[in-house]
Amino acid sequence: MLNKRRVLLGITGGIALYKACEVLRLLKKDGAEVKAVLSTGAEEFVRPLLFSALTGERTYTNRDFFSAEGSIPHIELANWAEVLLILPATASFLSKLRCGQASELLLAVLLATKAPVYLFPSMNTNMLEHPATQENLRVLRSYGYKIYEPAEGELACGETGKGRLPEPVEILEVIRAHFKPKDFLGKKVLITGGPTREYLDQVRFITNASSGKTAFFLTKEAYYRGARVFLLWGHREFPYELPKLNFFSDIPYPEIITTLTTQEMFEKARELFPEVDLAIFASAPCDFRPKSFYPGKLKKTESLSLELELTPDIAKTLSKIKAKQLTIGFALEERDKLLTYGFTKKVEKGFDILIANPLETAGADTSDYLFIGPESQEEHLNLSKEELATLIFDSVKRLF
């Protein structure tokens, strides 16, 4: 996702800098070009060789600030970077940056750059909550720095509280989100995801094997592109983590609403549908439910006969009140019937786009997909669910 993006990693002298190694590794794995600059404090903790080995590039230290080679490294680095990350951003470093100091290479780079800068503060809770630190953070925000709030948990000093550096994967996702186009700002998106449950008694239910991963990646893509997202989630818990972009932007965190039964999902979707611009029906709701519900727990018997009845067809029902909304649906069908069944389902349910994939790829991380749009069909082979989400929103953008 970060193919050839130029990321400058500024590392300061806090114990949490050990996480910078993993952040760097993840950025490189994601395709980014990464260079590292150590503050004078960081040089007390580690040697430049560690980060040079990880980046495959020269690691810059304060000694380079006074280079006799005729280059001006703080200007060159400031101009090279598309985005800068400072982690961990210690209380001392934040204080120097707030005052506009240029007494060492990393500080001078920050004064010279026009690229966006993300600060990831990390320190003891009392240091973080000190009025001087809070004032420094307030002023730095007013300068335009993007400050990601520290996490809560066990700190290096043995205390527990706010001040932990976020986990490397979360930091990676912040930078992934940074490079996504913000072409859905102001748009509202409804997404349904996961299976539903239809209860026979208070502990037994009918369901299916849908993981909800497609809906998660769709939610992430919409969120990263600036949309306000409502996710109707068919599982009891949402197991995924998303970065909190509202720390430094107006993009709201997705609203994740648990809806266990098809009826619950339908009622909430019907409530939200009139106010959204786009609805993506990516869930796998049960088509049938037991006609009778038994309170408590049914006792085991020799046999049990169930009478089933139809559940609401969420997409088909909402299509009847469709106004401005674009709608997208999915169809899992036999490979040789993808186009025939997919087109029939698209018309029946009033979808603007229907995405069909072969039955044998159910639950797989990658699949072939047939996009049936308003005027044409496109086949996309061996896409991951993450790539699928990007492709869907690119297609929707063209329709908008």
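Note that the structure is predicted; figures quoted are calculated from it, not measured.

Student: Kindly report on the sheet that holds strand 3 (residues 83–89), identifying the contributing residues and their values.
Tutor: The parallel open sheet is built from five strands, whose spatial order is 2-1-3-4-5. Each edge of the open sheet is held by one strand with a lone partner, namely strand 2 (33–38) and strand 5 (146–147). One ladder, built from two bridges, connects strand 4 (residues 117–121) with strand 5; its direction is parallel. When the sheet's bridge partners are listed, Tyr118 is paired in strand 5 with Lys146. Along the sheet face, helix 1 (residues 18–29) touches strand 1 (6–11), strand 2 and strand 3 and points at about 175° away from the line of strand 1. Running at roughly 140° to strand 3, helix 6 (residues 105–112) makes contact with strand 1, strand 2, strand 3 and strand 4 of the sheet.

Student: So what's going on with the sheet that holds strand 13 (residues 278–281)? Which residues, and what values?
Tutor: Across the sheet, which stays open at both edges, the eight strands sit in the order 12-11-8-13-16-17-18-19 with mixed pairing between neighbours. Bordering the open sheet on either side are strand 12 (255–258) and strand 19 (377–384), each of which pairs with just one other strand. Across the sheet, the mean angle from the axis of one strand to that of its neighbour is 20°, orientation sign disregarded. Across six bridges, strand 8 (residues 188–193) lies against strand 11 (residues 228–233) in parallel orientation. Pairing of Ile191 across the sheet is with Leu231, part of strand 11. Strands in contact with helix 14 (residues 385–399) are strand 8, strand 13, strand 16 (326–333), strand 17 (353–358), strand 18 (366–372) and strand 19; relative to strand 19, the strand with the most contacts, it is inclined by about 150°.

Thresholds applied
- Residues numbered from 1 in each chain as written.
- Predicted model: local features only at pLDDT ≥ 70, side-chain atom pairs only at ≥ 80, totals over all residues.
- Heavy atoms only, no water.
- Pairing = 2+ DSSP bridges.
- Helix = DSSP H or I, 4+ residues; strand = E, 2+ residues; numbered from the N terminus.
- Contact = heavy atoms within 4.5 Å.
- Axes fitted to C-alpha atoms, helices over the stretch in contact; angles between N-to-C directions.

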